[in-house]
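What follows is each chain in one-letter form.
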Amino acid sequence: MPLYQQIKDQVGAAILAGELPEGEALPSVRALARDLRISIITTTRAYAELAAEGFIATVPGKGAYVLPLDSELVREQLLRQVEEGLQAAIDAARRAGLQRDDLVLILDGLIAAEVTA
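Residues numbered from 1 in each chain as written. Predicted model: local features only at pLDDT ≥ 70, side-chain atom pairs only at ≥ 80, totals over all residues. Heavy atoms only, no water.

You'll find the protein chain entered in an unreviewed UniProt entry as GntR family transcriptional regulator, with Dactylosporangium vinaceum given as the organism.

Here's what the structure looks like:
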């Protein structure tokens, strides 16, 4: 996975998890590049993609800041995470020779365990 994608994913996940609250200033592109020992171009691309997806805003001369979470954006990102997790489970089940009914039973068991926890 490209470095800019890793940065984008980690910052996006931190925002969604509330670890980076609304209004929080992010490190400057130069500071992040220096700290991670990577190209400024890489950090610039990560920040540009985060801005395009509505996670952050960049203010010329002032830096990048976390935007308020749009509930539709949060839902879309979480839905994407669920789909990725389910696809990984389906891939593993296929390798294990499990069928659809087996997966449904496993999922139902996991959901039932969550309810009682």
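S.K.: Give a detailed account of the packing of aromatic side chains, specifying residues and quantitative values.
M.R.: Applying the stated criterion across every chain, the model contains 0 aromatic pairs. The ring of Y4 has R45 sitting right over it, with the charged end atom 3.8 Å from the ring centre. (Phe/Tyr/Trp six-rings, centres within 6.5 Å; stacked < 30°, edge-to-face > 60°. Lys NZ or Arg CZ within 6 Å of the ring centre and 35° of its normal.)

S.K.: Could you give an account of the packing of helix α1 (residues 3-16) against helix α3 (residues 40-52), naming the residues involved and the relevant values?
M.R.: At a minimum axis distance of 8 Å, the contact between α1 and α3 shows a crossing angle of 45°. Between α1 and α3, the angle falls in the class oblique. Relative to α3, the crossing made by α1 is right-handed. The residues of α3 that touch α1, namely those facing L3, Y4, Q5, I7, K8, V11 and G12, are T42, T43, R45, A46, E49 and L50. Here the residues of the contact of α1 with α3 are counted per class, giving 6 nonpolar, 4 polar and 3 charged. (Axes fitted to C-alpha atoms, helices over the stretch in contact; angles between N-to-C directions. Helix = DSSP H or I, 4+ residues; strand = E, 2+ residues; numbered from the N terminus. Parallel < 35°, antiparallel > 145°, perpendicular 65-115°, else oblique. Left-handed = near helix turned anticlockwise from the far one by under 90°. Contact = heavy atoms within 4.5 Å. Nonpolar A, V, L, I, M, F, W, Y, C, P; charged D, E, K, R; others polar.)

S.K.: Residues and numbers for the UniProt feature "domain: HTH gntR-type" (unreviewed entry) in the protein chain, please.
M.R.: Using the residue numbers shown here, the UniProt feature "domain: HTH gntR-type" (unreviewed entry) corresponds to residues 1-69. The span residues 1-69 is 51% helix and 12% strand, and its two end C-alpha atoms sit 26 Å from each other. (UniProt positions renumbered as here; feature names shortened; annotations may be inferred.)

S.K.: Let's hear about the environment of T43: which residues, and what values?
M.R.: Here T43 is to be found in helix α3. Here T43 falls in the buried class, since its relative accessible area comes to 0%. In this structure, the C-alpha to C-alpha distance between T43 and E76, residues 33 residues apart in sequence, is 24 Å. Sequence-distant contacts of T43, defined by excluding residues within four places in its chain, comprise I7, V29, L32, A33 and I38. (Buried < 20%, exposed > 50% of the residue type's maximum accessible area, 1.4 Å probe, protein only.)

S.K.: Report on unusual backbone geometry, specifying residues and quantitative values.
M.R.: Phi at R37 takes a positive value of approximately 55°, unusual for a residue other than glycine. Mapped onto the elements of the fold, R37 is located in the loop between α2 (29-36) and α3. Taking the relative accessible area as the measure of exposure, R37 reaches 79% and is therefore exposed.

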